[in-house]
Amino acid sequence: MEYNKYIADFAIGDEVEGFYILKTAASKVSGSGKPFLAAVLADSSGSIEAKVWDYSGPIGPSHEGSVIKARGSVSEFRGSLQFIVSRIRPVQSGDQYSLDNLVPCAPIDVDGWSDELQDFVGSLEDPDYRTLCQKLLDQYGQRFRDIPGGKSMHHSFLHGLLMHTVNMARIADDLAGLYEDVIDRDLLMAGTLLHDIAKCEEFVTSSLGLVTDYSTKGQLLGHLVMGAQAVAAAAQELGMPEEKAVLLQHMLLAHHGEPEFGAAVRPQCAESELLALIDMIDSRMEIYSEALAGVTKGQFTKRVFALDKKIYRHR
């Protein structure tokens, strides 16, 4: 039995016991009618799918984002590692563990990437877009820097939103130059920097900083609409020309591309079309990165929900 082994070091056949974060949890029923818990456990090194067979509680969805103690064995299922849990419980007083070893963080230099974000704001030549971006980034401040980029789909670790936004800004900067005959760089960059700004209000986070739920406004409106509202309010306060304000709101409302993917409206200018594509590129590449992390070379993953397909880790 190995204790508090990093998930990234798990190997088939390992017997492990330790403290981990319950990233997601769903109470389900097997084909034979028996209850089980389908979960994802995480630490600072990565995450792994877990199953607790013949289990009906007390651990469940309400414990998402908290630390649990688990014992089990590592196996393989459809090319991916899986943790079969034999014992699981919430932490108790007297338990000793280090949060630094548990909380998953973006693999970035947070201060350096925050500075790069500010550099992109400073690179905007249009004073209206530059001032508005600075105002909203200052408004959300530390929360924008710290929160994950999602609950479970992609960038669902601390500082994930910062990582996702800067990655996208790098892509946008390159593509704005490549397509300078059709793209207004300042509009594209402003939309990129602010596209997920309202996730700061959409997400409910645990004491560990991980996303555990969506706020009431987040569920009723969503971050696209809430982001457009924030832009509209800031634009009015700053006296921004109406067309610029409307275009920037459109960028946020359309950045999911199509209504079937959550867009409030379809992209109707070159910059909003490109923003939606850039968002898809970075989110999907992160999904690939996370899905392939525990997969043996030469094997397929099981079906990746966000991609609606299996993917292959080539040798």
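Located above this text is the structure these notes cover.
From a predicted model like this one, the values you see are computed outputs, not experimental measurements.

Caption draft 1: Representation of the pairing of strand S3 (residues 35-43) within the structure. In terms of residue burial, S3 counts as a mostly covered element, since 8 of its 9 residues are buried. Two elements, strand S2 (residues 15-29) and S3, share 8 bridges in a ladder whose sense is antiparallel. Bridge pairing in S3 places Leu-22 opposite Leu-41. Hairpin connection, S2 to S3: the antiparallel pair is bridged by 5 residues, and Gly-33 has positive phi, about 90°. Pairing between S3 and strand S4 (residues 46-52): 7 bridges, direction antiparallel. What sits directly across from Leu-37, in S4, is Val-52. The hairpin turn running from S3 into S4, its antiparallel successor, is 2 residues long.

Caption draft 2: Representation of a nonpolar patch on the surface. Taken together, the side chains of Val-91, Tyr-97 and Leu-99 present a nonpolar region at the surface, about 220 Å² in accessible area. With respect to the secondary-structure elements, Tyr-97 resides in the loop between strand S6 (80-90) and helix H1 (110-122). Take Tyr-97: its relative accessible area is 34%, and that puts it in the partly exposed class.

Caption draft 3: Up close: the packing of helix H2 (residues 127-146) against helix H7 (residues 222-238). Viewed as axis vectors pointing N to C, H2 and H7 meet at an angle of 120°, and their least axial separation amounts to 10 Å. The angle between the axes of H2 and H7 places the two elements in the oblique class. Our pair here, H2 against H7, has a crossing hand that is right-handed. Contacts between H2 and H7 involve Thr-131, Leu-132, Lys-135, Leu-136 and Tyr-140 from the former and Ala-230, Val-231, Ala-234, Ala-235, Glu-237 and Leu-238 from the latter. For the contact of H2 with H7, the class distribution of residues is 8 nonpolar, 1 polar and 2 charged.

So, how was this worked out
Residues numbered from 1 in each chain as written. Predicted model: local features only at pLDDT ≥ 70, side-chain atom pairs only at ≥ 80, totals over all residues. Heavy atoms only, no water. Buried < 20%, exposed > 50% of the residue type's maximum accessible area, 1.4 Å probe, protein only. Helix = DSSP H or I, 4+ residues; strand = E, 2+ residues; numbered from the N terminus. Pairing = 2+ DSSP bridges. Patch = residues over 30% accessible without salt bridge, like charges linked within 9 Å, V, L, I, M, F, W, Y side chains within 5 Å. Areas by Shrake-Rupley, 256 points an atom, 1.4 Å probe, with all protein chains shown as cover. Salt bridge = Lys/Arg side-chain N within 4 Å of Asp/Glu carboxyl O. Axes fitted to C-alpha atoms, helices over the stretch in contact; angles between N-to-C directions. Parallel < 35°, antiparallel > 145°, perpendicular 65-115°, else oblique. Left-handed = near helix turned anticlockwise from the far one by under 90°. Contact = heavy atoms within 4.5 Å. Nonpolar A, V, L, I, M, F, W, Y, C, P; charged D, E, K, R; others polar.

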